[in-house]
Amino acid sequence: ESGRAALLLRCEELFFRGQLLRRTWRRGGPLAAYLASAFLFAAFHGNLQGFVVYAWLGLVFAHVHARTGRLTAAVAVHLGNNAVTLAILLLVPPT
């Protein structure tokens, strides 16, 4: 199951940062690229309550990729975020 999750994460980064961000950047500039990749990333997750959080994360991952020029950097940050989220879910008792 964790291998499948890691594969999905890499596929998300390949599409949202590797393809969408770069192509939109070339056609519409950085602002359009950041917004398109962030909002489509949030919409892809299909969680209306978490839309703002997913959009923010999409902006962070896009910035990491744009800043470093490396998709692997965005993958690492995305993986780190998911790991922290999972640890909180597993270790913090529900209220």
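Placed above this text is the structure.
Residues numbered from 1 in each chain as written. Predicted model: local features only at pLDDT ≥ 70, side-chain atom pairs only at ≥ 80, totals over all residues. Heavy atoms only, no water.

**Topic: the side chain of Ser37**
At step 1: If you trace the backbone, Ser37 turns up in helix H2 (residues 30–45).
At step 2: In this structure Ser37 comes out as buried when scored by relative accessible area, which is 0%.
At step 3: The contact partners of Ser37, leaving out residues within four places of it in the chain, are Phe16, Arg17, Leu20, Leu21 and Ala62. (Helix = DSSP H or I, 4+ residues; strand = E, 2+ residues; numbered from the N terminus. Buried < 20%, exposed > 50% of the residue type's maximum accessible area, 1.4 Å probe, protein only. Contact = heavy atoms within 4.5 Å.)

**A closer look at the packing of aromatic side chains**
Describing an aromatic ring pair means giving the distance of the ring centres and the angle of the ring planes.
At step 1: Counting across every chain of the model gives 7 aromatic pairs.
At step 2: On the basis of an interplanar angle of 80 degrees and a centroid distance of 4.9 Å, the ring pair of Phe15 and Phe16 is categorised as edge-to-face.
At step 3: With relative accessibility at 44%, the residue Phe15 sits in the partly exposed group.
At step 4: With relative accessibility at 4%, the residue Phe16 sits in the buried group.
At step 5: Between Phe16 and Phe41, the aromatic rings sit 5.5 Å apart at their centres with planes inclined by 85 degrees, giving edge-to-face as the arrangement. Of this pair, Phe16 sits in helix H1 (residues 2–28) while Phe41 sits in helix H2; the two residues are 25 residues apart in sequence, bridging distant segments of the chain.
At step 6: Classification of Phe41 by relative accessible area gives buried; the value is 1%.
At step 7: Taken together through their ring pairs, the aromatic side chains of Phe15, Phe16, Phe41, Phe44, Tyr54 and Phe61 make up a single cluster. (Phe/Tyr/Trp six-rings, centres within 6.5 Å; stacked < 30°, edge-to-face > 60°.)

**A few points about the packing of H1 against helix H4 (residues 71–91)**
Two numbers describe a pair of packed helices, the interaxial angle and the distance between the axes.
At step 1: Between H1 and H4, whose axes approach to 10 Å, the crossing angle comes to 130 degrees. Relative to H4, H1 is oriented oblique. The element H1 and its partner H4 pack so that their crossing is right-handed. Counting all contacts with H1, which are made through Leu9, Arg10, Glu12, Glu13, Leu14, Arg17 and Gly18, the residues of H4 involved are Leu71, Ala74, Val75, His78, Leu79 and Asn82.
At step 2: Grouping the constituent residues of the contact of H1 with H4 by class yields 6 nonpolar, 3 polar and 4 charged. (Axes fitted to C-alpha atoms, helices over the stretch in contact; angles between N-to-C directions. Parallel < 35°, antiparallel > 145°, perpendicular 65-115°, else oblique. Left-handed = near helix turned anticlockwise from the far one by under 90°. Nonpolar A, V, L, I, M, F, W, Y, C, P; charged D, E, K, R; others polar.)

**Notes on a nonpolar patch on the surface**
At step 1: Judged by side-chain polarity, Val84, Leu86, Ile88, Leu90, Leu91 and Val92 come together as a nonpolar surface patch covering roughly 630 Å² of accessible area.
At step 2: Looking at the element boundaries, Leu86 is found in helix H4. (Patch = residues over 30% accessible without salt bridge, like charges linked within 9 Å, V, L, I, M, F, W, Y side chains within 5 Å. Areas by Shrake-Rupley, 256 points an atom, 1.4 Å probe, with all protein chains shown as cover. Salt bridge = Lys/Arg side-chain N within 4 Å of Asp/Glu carboxyl O.)

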